Structure formats: structure tokens, C-alpha cells
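Chain by chain, the residues:
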Amino acid sequence: NSFCTLLSDEAMASLRAREERRRQLEGVLRRAPHSAEAHANLGSFLWRQERDYTAAVASYTACLDIAPSHVEALNQLALILLTHKKSERAEALFRRAIEARPTYCRARRNLA
């Protein structure tokens, strides 16, 4: 029973930490709504930590509206699209990332 309590306590602490991180990222975005980096950071959190693909796509799209050559956002959005079987659109985004930064290995590897 104490093991279950410990596990539950750890899970709750993890949940609280994630909620706090999301509040921080959203706070940065409220203070700097035109920051491509803030949108990209929120997108990364939403995708990796929350598994909220719809919200992550919206954040990465907002980032790219501000900075169309943001290679990390292009790459991450393409990866999300691949998980949703949208390979043609993903390929186009990988190519945009490579065009913007020819040495960007992640997009090259993901395109292969």
C-alpha cells in the first residue's frame, strides 16, 4: 500500500510540474505573443509532454506564421504530420527546413 502511495505521490508531483511548466510557457507567450521561439517552445511541450497534437500543430503553425524559416518548428511539425499519415505535407516541411538551413541534419535524416 505504501508503494502505491509513493507511486501516486510521484505521479502527482510529475503532473504538478508539467502543469507549472505549461503555465510558464503560456505566460511567456502572453508577454511576447509575436515570439516565434515562444510558440515553438510551447509546441514542443505540448507535443512531447502533453501529447496534445492538435494544440502542438497550432503552436508550430503560429511560430511559422511569424518565422517561416524556423527550422526546428518546420521539422517538428513535419514529424507530427507523419504520425497522422500526412507524408506529402511532412516531406514539404522537411524540404523547407533543409532549404532554410542546408546543414540541418535532423530534417535530412527525417526526410530519408
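Above this note sits the structure.
Residues numbered from 1 in each chain as written. Predicted model: local features only at pLDDT ≥ 70, side-chain atom pairs only at ≥ 80, totals over all residues. Heavy atoms only, no water.

Enquirer: So what exactly am I meant to see when it comes to the overall build of the protein chain here?
Expert: Of the regular secondary structure elements, the protein chain holds 6 helices and 0 strands. Its helices and strands in sequence order give the protein chain the pattern α-α-α-α-α-α, from N to C terminus. For 112 residues, the compact-globule estimate of 2.2 N^0.38 gives 13 Å, and the protein chain exceeds it by more than 25% at 17 Å. With respect to the three principal axes, the spread of C-alpha positions in the protein chain is 55 × 35 × 25 Å. Expressed as a percentage of the 112 residues in the protein chain, the buried residues total 32%. At a minimum sequence separation of 6, the contacts of the protein chain that also span at least 24 residues come to 36%. (Helix = DSSP H or I, 4+ residues; strand = E, 2+ residues; numbered from the N terminus. Rg over C-alpha atoms; globule rule 2.2 N^0.38 Å. Buried < 20%, exposed > 50% of the residue type's maximum accessible area, 1.4 Å probe, protein only. Contact = heavy atoms within 4.5 Å.)

Enquirer: What should I look at first to understand the pattern of salt bridges in this one?
Expert: A side chain of one charge can pair with a side chain of the opposite charge if their charged atoms are brought near each other. Summed over the entire model, instances satisfying the criterion amount to 6 salt bridges. Two residues, Arg23 and Glu20, come together in a salt bridge whose shortest N-O distance is 3.0 Å. Here Glu20 and Arg23 lie together in helix 1 (residues 2-31), a separation of 3 residues that amounts to about one turn. On the basis of relative accessibility, which here comes to 47%, the residue Arg23 falls in the partly exposed class. Put simply, Glu91 and Arg95 hold a salt bridge, and the shortest N to O gap is 3.0 Å. You can see Glu91 and its partner Arg95 sitting in helix 5 (residues 87-100), 4 residues apart, about one turn around the helix. By sharing partners, the salt bridges in this structure join Arg18, Arg22, Glu26 and Glu50 into a single network. (Salt bridge = Lys/Arg side-chain N within 4 Å of Asp/Glu carboxyl O.)

Enquirer: What should I look at first to understand the side chain of His39 in this one?
Expert: Structurally, His39 can be placed in helix 2 (residues 36-50). Look past the residues within four positions of His39 in its chain and what remains in contact with it is Leu29, Pro33, Ser59, Ala62, Cys63 and Ile66.

Enquirer: Can you help me understand the packing of helix 2 against helix 3 (residues 53-66) in this one?
Expert: To characterise two packed helices, one gives the angle between the axes of the helices and the distance between these axes. Their axes nearest at 8 Å, the elements helix 2 and helix 3 cross at an angle of 160 degrees. Relative to helix 3, the element helix 2 lies roughly antiparallel. Handedness of the helix 2/helix 3 crossing: left-handed. The segment helix 2 lies against helix 3, with Ala36, His39, Ala40, Leu42, Gly43, Ser44, Leu46 and Trp47 engaging Tyr53, Ala55, Ala56, Ser59, Tyr60, Ala62, Cys63 and Ile66. (Axes fitted to C-alpha atoms, helices over the stretch in contact; angles between N-to-C directions. Parallel < 35°, antiparallel > 145°, perpendicular 65-115°, else oblique. Left-handed = near helix turned anticlockwise from the far one by under 90°.)

Enquirer: What's the story with unusual backbone geometry in this structure? I'm lost.
Expert: Most peptide bonds take the trans form, and the phi angle of most residues other than glycine is negative. A positive phi angle, close to 55 degrees, is found at Arg51, a residue other than glycine. Although it is not a glycine, Lys85 sits at a positive phi angle of roughly 60 degrees. Within the secondary structure layout, Lys85 lies in the loop between helix 4 (71-83) and helix 5.

Enquirer: Whenever I open this one, the packing of helix 3 against helix 4 confuses me. Can you help?
Expert: Packing of helix 3 against helix 4 leaves a shortest axis separation of 10 Å and a crossing angle of 150 degrees. Compared by their axis directions, helix 3 and helix 4 come out roughly antiparallel. The chirality of how helix 3 crosses helix 4 is left-handed. Residues Tyr53, Ala56, Val57, Tyr60, Thr61, Cys63 and Leu64 of helix 3 pack against Ala73, Leu74, Gln76, Leu77 and Ile80 of helix 4. Considered class by class, the residues forming the contact of helix 3 with helix 4 number 10 nonpolar, 2 polar and no charged. (Nonpolar A, V, L, I, M, F, W, Y, C, P; charged D, E, K, R; others polar.)

As far as function goes, none of this settles anything; it's purely spatial.
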